[in-house]
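What follows is the residue order along each chain.
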Amino acid sequence: SDTPITFESITESADGLKSILPPGFVPEIGIICGSGLSALQQAVKGPRYEVPYSKIKGFPISTVHGHAGILVFGFIGSSNTPVVLMNGRAHYYEGNTLQSSTFPIRVLSLLGMRTCIITNAAGGLEPAYNVGDIVVINDHINFPGLAGVNPLRGPNLDQFGPRFIALSDAYDLELRRVAHLAWGELSKEMPRKMAMHEGVYAFVGGPNYETRAECRMLSKLGADLVGMSTVPEIIVARHCGVRVLALSLVTNSAVLDPGPRGDDLKLAGVGVNVLHGALDEGKANHEEVLETSRNAAEGIKASCLGLNPFPKDL
Ligand code: HPA
């Protein structure tokens, strides 16, 4: 996975896909399914063409449970917009470089993707968020990126975009507006009240979930959500000039409580703390993340469908 990504290798993958897709099929929209959100693919109408990542040269394979590894081509919404859905993504913590884990974005941009809807499962830091809520990401903090771990590091791929790119406009205002409008319509019919918020996503390397102190730090620094994906893809999409809508599903609440301390333990005598929550209270785990996202996939699927007729005015 350390072989440098070149324009030639990206072109080769894109040409391989073009040769198996119906002539003239141009997926204008790309959707990336986050953990447990593969049910989003039910929103893709036929005729569908499915291609496993293993058949596409250069595509990184996801090893994470809950990530399938298949591209689904088809049509979405009432205007039958051609779409490609990535069911499964490769993460940095799996050992991929950021360049190789974002390789699919570049391939899809060569296929004609103009807009990308990126979804993820994330931990909620903002106390107003409830598990099951959806957050439209309006900004991010890229922790690895601030230290130089960035998918754009290395020789610039001039064919896609310039060396230095702005990210102050990364989160497309018009797409966010459409998402909120669609949500407003959909939430009228929702059996139980889920909320849609806007917030700042902090990208961390993973794979461990954050400590309590890290959660408090992230929160103090202005993050509303924390997760292990999405930001590298957004950066590369923006380098390719692709418009981005990023949606987080809050699958768990990050633990901000400092936890049992020495003085509590003394007070309690036998190691049962009295002032703070127990150590395993609210502990993040992948099963909870998957369960929450499977339950919420219906709502997210509906909101992807609700995003039409937005393709018309792109
Ligand atoms: N932290 C990081 N990534 C995550 C979390 C979390 O709490 N939940 C889902 N993905």
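Before reading further, recall that the structure is shown in the block above.
Residues numbered from 1 in each chain as written. Predicted model: local features only at pLDDT ≥ 70, side-chain atom pairs only at ≥ 80, totals over all residues. Heavy atoms only, no water.

Moving on, we come to the state of the cysteines. Linking two cysteines covalently via their sulfur atoms produces the bond known as a disulfide. By the definition in use, this model includes 0 disulfides. A disulfide-free cysteine, Cys116 has its sulfur positioned 9.8 Å from the sulfur of Cys240, the nearest such atom. When its relative accessible area of 1% is taken as the criterion, Cys116 is described as buried. (Disulfide = S-S within 2.5 Å. Buried < 20%, exposed > 50% of the residue type's maximum accessible area, 1.4 Å probe, protein only.)

Mapping Thr63 onto the fold places it in the loop between strand 2 (45-52) and strand 3 (70-76). By relative accessible area, which is 64% here, Thr63 ends up exposed. (Helix = DSSP H or I, 4+ residues; strand = E, 2+ residues; numbered from the N terminus.)

Our focus in this paragraph is the site of the ligand. Inspection of the region around the ligand gives Ala121, Ala122, Gly123, Tyr209, Glu210, Val226, Gly227, Met228, Thr251, Asn252 and Val289 as its neighbouring residues. Between a nitrogen atom of the ligand and a main-chain N or O atom of Ala121, the distance comes to 3.2 Å. Between the ligand and Asn252 there is a distance of 2.7 Å, counted from a nitrogen atom to a side-chain nitrogen or oxygen. Out of a free accessible area of 260 Å², the ligand has 94% covered by protein chains. (Near = heavy atom within 4 Å. Polar contact = N/O pair within 3.5 Å; in protein donor to acceptor, adjacent residues only side chain to side chain. Areas by Shrake-Rupley, 256 points an atom, 1.4 Å probe, with all protein chains shown as cover.)

Worth remembering: the numbers are spatial, not functional.
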